Amino acid sequence: MDATIALILLQDGIVNGAIYALLGLALVLIFAVTRVIFIPQGEFVAFGALTLAMLVNGSVPGTVWLLLIAGACAFLMELFKAFRQRRATGLAWAALQYLVLPVALFALTHWLAAYDIGLWGKALLTLALVVPLGPMLYRIVYQPLVDAPVLVLLIVSVAVHFALTGVALAFFGAEGWRTPAFVEGQVDLGAVTWSAQSLFVVLTCAALIVALWLFFGRTIYGKALRATAVNRRGARLMGISTVMSGRLTFTLAAAIGALSGMLIAPVTTIYYDTGFLIGLKGFVGAIIGGLASYPVAAAGALLVGIIEAFASFWASAYKEVIVFTLIIPVLLWRSLSSPHIEEEEE
């Protein structure tokens, strides 16, 4: 290995690590606010990439049907809740969110299929189709289990992962997809030539991380999420709805996952189950951060990307093993250095 190869591998590691950092931040956010170890985070990556790929190829993605089905299930749950409580508070908003919005997106997608709205327009449409799946998933699966132990939530997350993987296979098929690059060309930075798309990925991830930092530090909703993450019971006593916090958290996670999928779709072939491995590597970064520290999780995810890149050169057949082995010393260190804290009773 010479300096040129090392710089190329470092470039690949930074690009991959930037994506893992976004996913790691999403996993830390979800766990801090809802105590859910969200294994299916990678499925949003696959949904974002494959939805965009089908739109680019002139097809109507199966995401529109999934949105209709999920919305109908969520509304039926709200309807049943209103029937049991003998009051219709919030039912109109639920109908707008879970019925009207999916039907409108369904109609809009079929209408736009006849026009060429460009790659950027299709990317925006992809976000509009995938992001609402986040709060719908929370309403259907996790909101009824809001007070369940962490272990139960983990088991449910594994089940949701397998369900979403099967749904992705049914709606998108088993073939791999790629999309055109958002930015064409090459950029010379010192001794390394970056593809414009790779540089775009890194800068977009950096901009999104800064936007999240501003959101949590400067907005009322961001501060509400931080309060819920610090003390859920205290947040309730202060009038912060933990249900609202959960829905907003899953919305952000779906947006991060879909955007990550669209960013990597031009540089790698995405299959229906590709998101699982990508999400797990983000999870390794989140574990390095203790599922609590956003900066450490982002740095850990970047480290994962760099180690993966160099491992692919030195021991390509074992690169996944090397990456996931990182989690062992981190867990050992945290188990020995962290005091045992009983789970909060709610």
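Left-over empty space is what a probe sized like a water molecule reveals as it rolls over the atoms. Approximately 550 Å³ is the volume attributed to the second largest pocket. If you trace the second largest pocket, you find 24 residues lining it, with N16, Y20, T268, K281 and E308 closest to the centre. Sorting the residues of the lining of the second largest pocket by element identifies α1 (3-34), α12 (274-288), α13 (294-314) and α14 (319-325) as the ones contributing at least two each. Counting residues per element, the lining of the second largest pocket draws most heavily on α1, which supplies seven residues. For the lining of the second largest pocket, the per-class residue count stands at 11 nonpolar, seven polar and six charged.

Taking 1.5 Å per residue as the helical rise, helix α3 (residues 63-85) with its 23 residues ought to reach 33 Å, and the 33 Å between its terminal C-alpha atoms agrees with that figure. For α3, the complete set of buried residues consists of T63, V64, L66, L67, A70, G71, A74, F75, E78 and A82. On its buried side, α3 packs onto α2 (41-56), α4 (91-112), α5 (118-130), α6 (133-142), α7 (150-172) and α11 (242-264). One or two positions beyond α3, positive phi appears at R86, with a value near 60 degrees.

Evaluated as defined, the whole model comprises two cavities of 30 Å³ or more. Of the voids in this model, the largest cavity is the one considered here, and its volume is about 70 Å³. Residue classes in the lining of the largest cavity are distributed as seven nonpolar, three polar and one charged. Within this model, the second largest cavity holds a volume of roughly 50 Å³. L27, F38, I39, Q41, F276, G279, L280 and F283 together form the lining of the second largest cavity. Element by element, the count of residues in the lining of the second largest cavity is highest for α12, at four residues. Taken together, the residues of the lining of the second largest cavity sort by class into six nonpolar, two polar and no charged.

Looking now at the side chain of H161. Looking at the secondary structure, you find H161 in helix α7. Ignoring anything within four residues of it in the chain, the contact list for H161 reads I39, P40, E43 and F276.

Moving on: the pattern of salt bridges. For the structure shown, the criterion picks out four salt bridges. Linking R139 and E78 is a salt bridge whose minimum nitrogen-to-oxygen distance equals 2.6 Å. In this pair, R139 sits in helix α6 while E78 sits in helix α3, placing the two residues 61 residues apart along the sequence. Just as R139 is buried, E78 falls in that class too. With its nearest N and O atoms 2.5 Å apart, the salt bridge here joins E308 to K281. Placement of E308 in helix α13 and of K281 in helix α12 is noted, with a sequence separation of 27 residues between them. In this structure, E308 and K281 share a single accessibility class: buried. Among the charged side chains, a network of salt bridges with common partners joins E78, R139 and R247.

To characterise two packed helices, one gives the angle between the axes of the helices and the distance between these axes. At their nearest, the axes of α1 and α11 sit 10 Å apart, and the two run at 170 degrees to each other. Regarding the angle of α1 to α11, the classification is roughly antiparallel. Here I19, L22, L23, A26, L29, I30, V33 and T34 of α1 lie close against α11, whose contacting residues are S245, G246, T249, F250, L252, A253, I256, G257, S260, L263 and I264. Residues that form the contact of α1 with α11 fall into these classes: 13 nonpolar, six polar and no charged.

With the exception of glycine, most residues fall at negative phi, and the peptide bonds are largely trans. If you check the backbone angles, R35 has positive phi at about 65 degrees while not being a glycine. In this structure, R35 sits in the loop between α1 and α2. Residue R35 is classed as buried on the basis of its relative accessible area, which comes to 13%.

Parameters at a glance
- Residues numbered from 1 in each chain as written.
- Predicted model: local features only at pLDDT ≥ 70, side-chain atom pairs only at ≥ 80, totals over all residues.
- Heavy atoms only, no water.
- 1 Å grid on protein atoms, 1.4 Å probe; cavity = no way out; pocket = protein on both sides within 12 Å on 5 of 7 lines; lining within 4 Å.
- Points joined across faces, edges and corners; volume = space filled by probe spheres on them.
- Helix = DSSP H or I, 4+ residues; strand = E, 2+ residues; numbered from the N terminus.
- Nonpolar A, V, L, I, M, F, W, Y, C, P; charged D, E, K, R; others polar.
- Expected span 1.5 Å × (residues − 1).
- Buried < 20%, exposed > 50% of the residue type's maximum accessible area, 1.4 Å probe, protein only.
- Contact = heavy atoms within 4.5 Å.
- Salt bridge = Lys/Arg side-chain N within 4 Å of Asp/Glu carboxyl O.
- Axes fitted to C-alpha atoms, helices over the stretch in contact; angles between N-to-C directions.
- Parallel < 35°, antiparallel > 145°, perpendicular 65-115°, else oblique.

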